[in-house]
Structure formats: C-alpha cells, structure tokens
Amino acid sequence: MMRVGRRTDVPSTAIGKRGGAMITQQEACDQVLAGFTGTRGAIASCELDPRGQYWVIHANAYEYVVDGRSEHCLIGDGAYLVHIASGRLTITPSYETWHESIQDIYDLDDAAGAHYVLRPDYAADDKRAVVHLHQRLGCSLIDARWLLEHANRSWLTGTGRTLRDAQKVLGAHGVATQVVLQDDLHGALSLTAQQWTVDMVLQRLRERAGLRLAVDDREGVAR
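Residues numbered from 1 in each chain as written. Predicted model: local features only at pLDDT ≥ 70, side-chain atom pairs only at ≥ 80, totals over all residues. Heavy atoms only, no water.

**Re the packing of aromatic side chains**
Our working definition: Here is the rule: rings of Phe, Tyr and Trp (six-membered ring for Trp) pair when centre to centre is within 6.5 Å. Planes less than 30 degrees apart are stacked, more than 60 are edge-to-face, and the remainder are tilted. Remark: a charge is flagged as sitting over a ring if the NZ atom of Lys or the CZ atom of Arg is within 6 Å of the ring centre and within 35 degrees of the ring normal.
Taken as a whole, this structure holds zero aromatic pairs when the rule is applied. Above the face of the tyrosine 62 ring, arginine 40 is positioned so that its terminal group lies 3.6 Å from the ring centre. A cation over an aromatic ring shows up here: arginine 51 above the ring of tyrosine 106, its NZ or CZ 4.0 Å from the ring centre.

Structure representation (structure tokens):
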C-alpha cells in the first residue's frame, strides 16, 4: 500500500478516539503524514501489531518510497506506532526493530505503573546458591548470603526486555533469576539496555552486594 501527503507543522500527538471509535488505518496514516515538515511524505506499509493494539507504519520521503532515490531517505526514525484506541503516536528509533520497541511498550502497558525487578530464583537458605554466587561475583560469602535474604532480593530494575536479557545471560552462567513486577524497588539498582553483557550484569550485582556495608552502617546508627 502507499499513501502520500505533505507534512505540515501539526504536532505528532494523539488524535484521540471519538465516541469510543477505534483509529482506522486511514486515520493513522494521515496522522503520520501530517507530521512531515518541509518535505512530502509517503507511507510504505501499514499493518496491525501482533496484539492488534497498534498500527505499525513505515514512512519516509516521497522521493525515497516512491522513486527509490536513496539520497532523499530520511534517517533517524524507525517505525511509527499509532495506538488504535487512543491515537497515541510513538516513533521508534532506527537503531532497533519495531518489534523490540513495541515490546517495551507492551511491558509498560502490562506493568500499569509497577516496576520490573530481577530477583534470585533461590531460597534464602540455599547454601549451594550462596557458594555459587560467591564464586560468580567474586564477592564474600557474607555478601552472597546477604543478596539472598528476603530484604535484599530485589537486585536490579529496568525495562522488562532489559531484565529478560540479563536473566538469559545470568542463566547461561548458572545464576537462576526471575523477572517480576513490584510496586516498590526495595533497593534494586538500575540496569540499562546498554548493560546487557554478562560482565556488566555481574558488575551491577557486585555493586548491589556492596550496599550491605552501607545498610549495616545505617542499622548500626539506628541501634
């Protein structure tokens, strides 16, 4: 499919639903084209996402989409995601696929304001797990045991996708974890999408274990 139009200075904001009606494919495409400024845009494709909640639109300069003139290709934006219930527009970055971007949106919607947290999938009294954490993190046995205590089991926080990636790399090195939703972080350290390698994840866990002394100091002052 292909639709063309000229961008105007219309903000790329939600057009909203009228009387409960869903945003149609035509309306979604029109909204995307209205966001082009200083050049004529064209829709290369428009399809529903796997959940049927967003119109996934690929658009670019008319000369690139229609005529195939690569020198007119606009870079920076990936896909345009239009929420069919509200008209909310999300523009994905070109450095990741729209499938990756929309998974982050799914996760945010599913979380409903809660936080994604990476936690150990071991019991607090699992001695073998304590020894394994001690070996993998290069921390003391006291720190490893502390990480499994109930109050300290919230290890890392970030997007659902980032934490699932961390769960995979840790699992490949024998550290079993789970990704859960929590209303409170309970001391979990942030993990960014750029910190996905096992070395970076382990470093963040060492930093989480290193908080034990600060907690002990505070508790000592309180006593």
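Text resumes after the structure shown.
**A closer look at helix α7 (residues 198–209)**
For clarity, the threshold we go by: Helix and strand definitions follow DSSP, with helices as H or I runs of at least four residues and strands as E runs of at least two, each counted in order from the N terminus. By definition here, a helix of n residues has an expected span of 1.5 Å times n minus one. Residue burial is assigned from relative accessible area. The probe radius is 1.4 Å, only protein chains are included, and a residue is buried under 20% of its type maximum, exposed over 50%, and partly exposed in between. When we speak of the arc, we mean the arc of directions from the helix axis to the C-beta atoms.
End to end, α7 covers 16 Å across 12 residues, agreeing with the expected 16 Å (1.5 Å per residue, within 8%). Taken together, the buried positions of α7 are Val198, Val201, Leu202, Arg204, Leu205, Arg208 and Ala209. Projection of α7 onto a plane perpendicular to its axis shows the buried side chains occupying an angular sector of 155 degrees, all on one side.

**A few points about the sheet that holds strand β7 (residues 156–157)**
So the rule is basically this: Being paired, for any two strands, means DSSP has found at least two bridges between them. We call two residues in contact whenever any of their non-hydrogen atoms come within 4.5 Å of each other. Orientation is described by lines fitted to C-alpha atoms, with helices fitted over the stretch in contact, and by angles between N-to-C directions that extend from 0 to 180 degrees.
Spatial ordering of the open sheet is given by β8-β6-β7-β9, a layout of four strands whose pairing is mixed. The two strands at the open ends of the sheet, each matched to only one other strand, are β8 (177–182) and β9 (189–190). In this structure, strand β6 (residues 115–120) lies alongside β8, joined through six bridges in antiparallel fashion. Bridge assignment links histidine 115 to a residue of β8, and that residue is glutamine 182. Along the sheet, helix α6 (residues 160–171) makes contact with β6, β7 and β8, crossing β6 at roughly 15 degrees.

Read these as layout, nothing more, since geometry by itself doesn't imply function.
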